[in-house]
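# Reading the structure
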Amino acid sequence: MITIGQLAKYVGVSTKTIRVYHDKGLLPEPDRDASGYRRYGASDAIDLIKIRTLAEAGVPLARIRDLRSATGTEFQQALGEIDDVLTARIRGLQATRGRLRQLAAGRLAPLPAEVGAHLERLARWGFTPRWVDLQRDLWILVFATHPDRAFTLFHDQAETTADPALRQLYLDYDHAYDLDADDPRIDGLAQRIAGATRERYGRDALPALDTGSDIPSLIQGTVNASSPAWQRLDTLIRAHLGV
């Protein structure tokens, strides 16, 4: 027979934990011997190991207490259910680890392959790394929040940048980043962009997310906040288009 301290040491828990298990009714509390010490036997150690294993697996103490009175078949069935939960948890943790590795590599979330290819083309066409990174982050936001509309919007932009004349407008927009907000070139660029927009879409509404979404304004706000010149450019384009 061994003391509570020895039992705790052998099983790898604290004496406080053993006392909690006593209080919760998980582990019977033995009587004291003539010296006033509680003595534990091999069966107590085995029971404590089972309790510790279940607790470390995340099984609530109340559930562990119920399992103590379960039949052999019920106990095995319960273990199978716990195993299923742990398997799902492991898969979730593996997915989380994958996302953390993507974040560490500078990728907030995976994008469709065609979006990745488009971003690579932007770099080859002379867009700044700042613009490419901004486009990547904004497409991540769109695909995460509006997957049903994201491809429609992406294909529209991809078609636009594939046109050399329209692509030049995007390039000019990109390179206007460092201009002074009062630079007269911004006025001319705004007129050109508004004219190209009207020519491409006519009186039809521009491709957009659902009308109740706050994402478009959030995206444009992010773009505008990064450059006073871009903010003024957006204001002028909207004024020319009457939106």
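Use the structure listed above.
Note that the coordinates shown come from a computational prediction; the quantities given were computed from them, not determined experimentally.

Right, let's talk about the pattern of salt bridges for a bit. Tallied over the full model, the rule gives 11 salt bridges. In this structure, the salt-bridge partner of Asp 133 is Arg 136, at a minimum N-O distance of 3.0 Å. Taken as a pair, Asp 133 and Arg 136 lie in helix 7 (residues 129-145) at a separation of 3 residues, close to a single helical turn. The exposure class of Asp 133 is partly exposed, given its relative accessible area of 41%. Linking Arg 192 and Asp 172 is a salt bridge whose minimum nitrogen-to-oxygen distance equals 2.7 Å. Separated by 20 residues along the polypeptide, Arg 192 in helix 10 (residues 184-201) and Asp 172 in helix 9 (residues 164-175) bring together distant segments of the chain. Taken together, the shared-partner salt bridges in this structure form one network comprising Asp 156, Glu 159 and Arg 200.

The next thing to look at is the environment of Glu 74. By the element assignment, Glu 74 lies in helix 5 (residues 72-104). Residue classification places Glu 74 among the partly exposed residues on the basis of a relative accessible area of 43%. Taking the C-alpha atoms as reference, Glu 74 lies 38 Å from Gly 36; in sequence the two are 38 residues apart.

Criteria and cut-off values
Residues numbered from 1 in each chain as written. Predicted model: local features only at pLDDT ≥ 70, side-chain atom pairs only at ≥ 80, totals over all residues. Heavy atoms only, no water. Salt bridge = Lys/Arg side-chain N within 4 Å of Asp/Glu carboxyl O. Helix = DSSP H or I, 4+ residues; strand = E, 2+ residues; numbered from the N terminus. Buried < 20%, exposed > 50% of the residue type's maximum accessible area, 1.4 Å probe, protein only.

Worth remembering: the numbers are spatial, not functional.
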